[in-house]
Amino acid sequence: MHNIPEDNAKRRLIEPEQLSAVADYMLSRGYGLEDIPVQLARYYYVDLDLLNDILYRAAKPTAFPAEAEEGFLQVA
């Protein structure tokens, strides 16, 4: 049986700081939110639950811009 050397083993991305840094980098390079987990899983062991939480926070707007709030007031 052929032994796989340790050098070919995938590295782990399981720390929140690492995952958010990688997600920010990939988003800045034009990757879509749905593409990031697929690309990372090819090369790393990834904590997918943690990555999905990080990506959900990145996709969720933190606050509405002032123009949007005025638009909502005009509609209401």
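What counts and what doesn't
- Residues numbered from 1 in each chain as written.
- Predicted model: local features only at pLDDT ≥ 70, side-chain atom pairs only at ≥ 80, totals over all residues.
- Heavy atoms only, no water.
- Helix = DSSP H or I, 4+ residues; strand = E, 2+ residues; numbered from the N terminus.
- Contact = heavy atoms within 4.5 Å.
- Areas by Shrake-Rupley, 256 points an atom, 1.4 Å probe, with all protein chains shown as cover.
- Expected span 1.5 Å × (residues − 1).
- Buried < 20%, exposed > 50% of the residue type's maximum accessible area, 1.4 Å probe, protein only.
- Arc of directions from axis to C-beta.
- Axes fitted to C-alpha atoms, helices over the stretch in contact; angles between N-to-C directions.
- Parallel < 35°, antiparallel > 145°, perpendicular 65-115°, else oblique.
- Left-handed = near helix turned anticlockwise from the far one by under 90°.
- Nonpolar A, V, L, I, M, F, W, Y, C, P; charged D, E, K, R; others polar.
- Core = buried A, V, L, I, M, F, W, Y, C linked by side-chain atoms within 4.5 Å.

### Quick notes on the overall build of the chain
Here comes step 1: What the chain contains, in helices and strands, is four helices and two strands.
Here comes step 2: Going residue by residue from the N terminus, the α and β elements of the chain occur as β-α-α-β-α-α.
Here comes step 3: In the chain, the proportion of contacts linking residues at least 24 apart, taken out of those at least 6 apart, comes to 60%.
Here comes step 4: Split by element, the accessible area of the chain, about 6600 Å² in all, is 53% carbon and sulfur.

### What to know about helix H1 (residues 16-28)
Here comes step 1: Taking 1.5 Å per residue, 13 residues should reach 18 Å; H1 reaches 18 Å between its end C-alpha atoms and fits that length.
Here comes step 2: Among all positions of H1, only Leu19, Ala23 and Met26 are buried. The arc that holds every buried residue of H1, seen down its axis, measures 70 degrees, which confines them to one face. Away from its buried face, by an angle of more than 90 degrees, H1 presents the exposed residues Glu17 and Ser28.
Here comes step 3: Elements in contact with the buried residues of H1: strand S1 (11-13), helix H2 (35-43), strand S2 (44-46) and helix H3 (48-59).
Here comes step 4: The positive-phi residue at the C-terminal boundary of H1 is Gly30, with phi of around 95 degrees.

### Quick notes on the packing of H1 against H3
Here comes step 1: Packing of H1 against H3 brings their axes to within 10 Å, and their N-to-C directions diverge by 50 degrees. Compared by their axis directions, H1 and H3 come out oblique. Two packed elements cross with a definite hand, and for H1 against H3 that hand is right-handed. On the side of H1, the interface is formed by Pro16, Leu19, Ser20, Ala23 and Leu27, while H3 contributes Leu50, Leu51, Ile54, Leu55 and Ala58.
Here comes step 2: Within the contact of H1 with H3, the residues separate by chemical class into nine nonpolar, one polar and no charged.

### Some thoughts on the nonpolar core
In globular proteins that are soluble, nonpolar side chains generally tend to be buried together.
Here comes step 1: Of all hydrophobic cores here, the largest spans eleven residues; its members are Leu13, Leu19, Ala23, Met26, Ile36, Leu40, Val46, Leu50, Leu51, Ile54 and Leu55.
Here comes step 2: Of all the elements, H3 adds the most residues to this core, at four residues.
Here comes step 3: Excluding anything up to four places from it in sequence, Leu19 contacts Leu13, Val46, Asp47, Leu50, Leu51 and Ile54.

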